[in-house]
Amino acid sequence: RVDFVSANGSFPQLPPPPPEGWVRGRTTYYGGPDILAEAYDPTRGKGSFGILTYGSCGFTNSDGTLPFPQDAVAAAADADPDYPGSCGRCYQVKCVNGLVAASNNTPVKIVNGSYDGDHFRPYLPAINANISDTRGRAWPGNPTEPEGLQFVNCWNDTKVLSETAPGVKKGGEIRRQEWCCGGQNHFDLSYYAFEKLAHPVYGVMGVDYRPVDCNTNQPLPPPPAPGYVSRVVYDNVIEPGWNWFSYSRSYAELIQEGAGLNGSAATCVTLSPGGGLSFTCRACGGPGYQPFKDANALSFWIRPNSNSSDPYFSSTPSGIIPPVKVFVLQDGSYGNGDKLYCGNEVYLNSTTPAATDGPWFKIFIPIKQFRCEGLVPQELLNRFEFQNINERDAYICLDQIQII
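Residues numbered from 1 in each chain as written. Predicted model: local features only at pLDDT ≥ 70, side-chain atom pairs only at ≥ 80, totals over all residues. Heavy atoms only, no water.

For the protein chain, the name recorded in an unreviewed UniProt entry is Expansin-like EG45 domain-containing protein, with Volvox africanus as its organism.

Draft legend 1. Broad picture of the environment of Cys342. Along the chain, the position of Cys342 falls in the loop between strand 14 (340-341) and strand 15 (346-347). Taking relative accessible area as the criterion, Cys342 reaches 11% and is therefore assigned buried. C-alpha separation for the pair Cys342 and Gln378, spaced 36 residues apart in sequence, amounts to 9.3 Å. Apart from residues lying up to four places away in sequence, Cys342 is in contact with Val328, Phe370, Arg371, Cys372, Leu375, Val376 and Leu381. (Helix = DSSP H or I, 4+ residues; strand = E, 2+ residues; numbered from the N terminus. Buried < 20%, exposed > 50% of the residue type's maximum accessible area, 1.4 Å probe, protein only. Contact = heavy atoms within 4.5 Å.)

Draft legend 2. The pairing of strand 13 (residues 325-330), seen in detail. Summarising burial for strand 13: 6 of the 6 residues are buried, a large majority. In terms of strand pairing, strand 13 meets strand 15 through 2 bridges, oriented antiparallel. Residue Lys325 lies in a different strand from strand 15, and its bridge partner there is Tyr347. Sheet analysis places strand 13 next to strand 18 (residues 383-387), joined by 5 bridges and oriented antiparallel. Each residue of the ladder has a partner; that of Lys325, found in strand 18, is Gln387. Of the pairings in the sheet, the one linking strand 13 to strand 14 comprises 2 bridges and is antiparallel in character. Across the sheet, residue Gln330 finds its bridge partner in strand 14, namely Leu340. (Pairing = 2+ DSSP bridges.)

Draft legend 3. Representation of unusual backbone geometry within the structure. Put simply, Pro223 and Pro224 share a cis peptide bond, and its omega is 15°. Within the fold, Pro224 resides in the loop between strand 8 (205-212) and strand 9 (232-234). Even without being a glycine, Asn262 presents a positive backbone phi close to 55°. Its location among the elements puts Asn262 in the loop between strand 10 (243-256) and strand 11 (266-280). What makes Asn262 exposed here is its relative accessible area of 76%. Even without being glycine, Asp294 reaches a positive phi, approximately 65°. In this structure, Asp294 sits in the loop between strand 11 and strand 12 (297-304).

What follows is the structure, given as structure tokens:
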């Protein structure tokens, strides 16, 4: 308890600890309507609060859209203990009514536009408090503003949002953002998720959160327990722990409805010569975050997507296994060192399918075929990639990708 009386005569206190199974944290937001940038930073304009559709988990389709609702996405800070494998993971989040905690479990101080000795804390109401959210609701105010503290009135502190984590740092860039650099577990909710819990003029609020199973919404062990990373990488949707990144492509869709096996969804790309599609478990090198540990094989279904049998139209005519190559590696570019490649790349047109289903081919590649021994410890493998090595574009769809 602090040693002064607030303007309403009560003693400001930090909220009580979270319920069992929940983790106390803090959230800011990114993205949002243009009125936000116009109100708070007219010199920077559109995007000054971050671009929602370009997180570094790579889930953005080639037409610039996200395959998830804009009010159901968030970004995790790399200082959080459950940052490894956070792409695609699902959480429940709820607002904590009252004072927002800084580091060392002390209240966040209002110091607009400067450092308070701990973090940079812009206080948006001091710039413009007269901004309504997209539902036309006015800012409820901060009763501890005279004491220089950040107090948040939640719309409903029992409301629980279910979020997925498709971005880490806005725009995929790596830069220091003081709110995200420790002291509290931190989320960056989308603007549209944040305003469901509290008014966006607050700019920051305390939250309780917990990881949940993306399919059942059932709670998983909270941090600091290792975060859940699925060995099923893609099956109708990207699975927890994995990012998705395509390059040198003219078309890419993470979840193309109806394009998968038996009418399910598939992930489909058109790759230029030298282009590729990679799946990476970010920062997954430590115990509990090693998807290839003790694995025997990489298995997936693949089909050509050119709808043509003409080999001069594309490198992937219908009726044959798409002639792309697959390789695996340790991608240490997320803080664990350099990229380390295994010794062999597998060319799919030299493999025998394990099964077929209409235009689909099931491919089963034993891990030993990549010849990682002596080059990369298998437990440190965290990325695999499909690459077009032909002279024409490769049109492919993939489904039921898993590590066996």
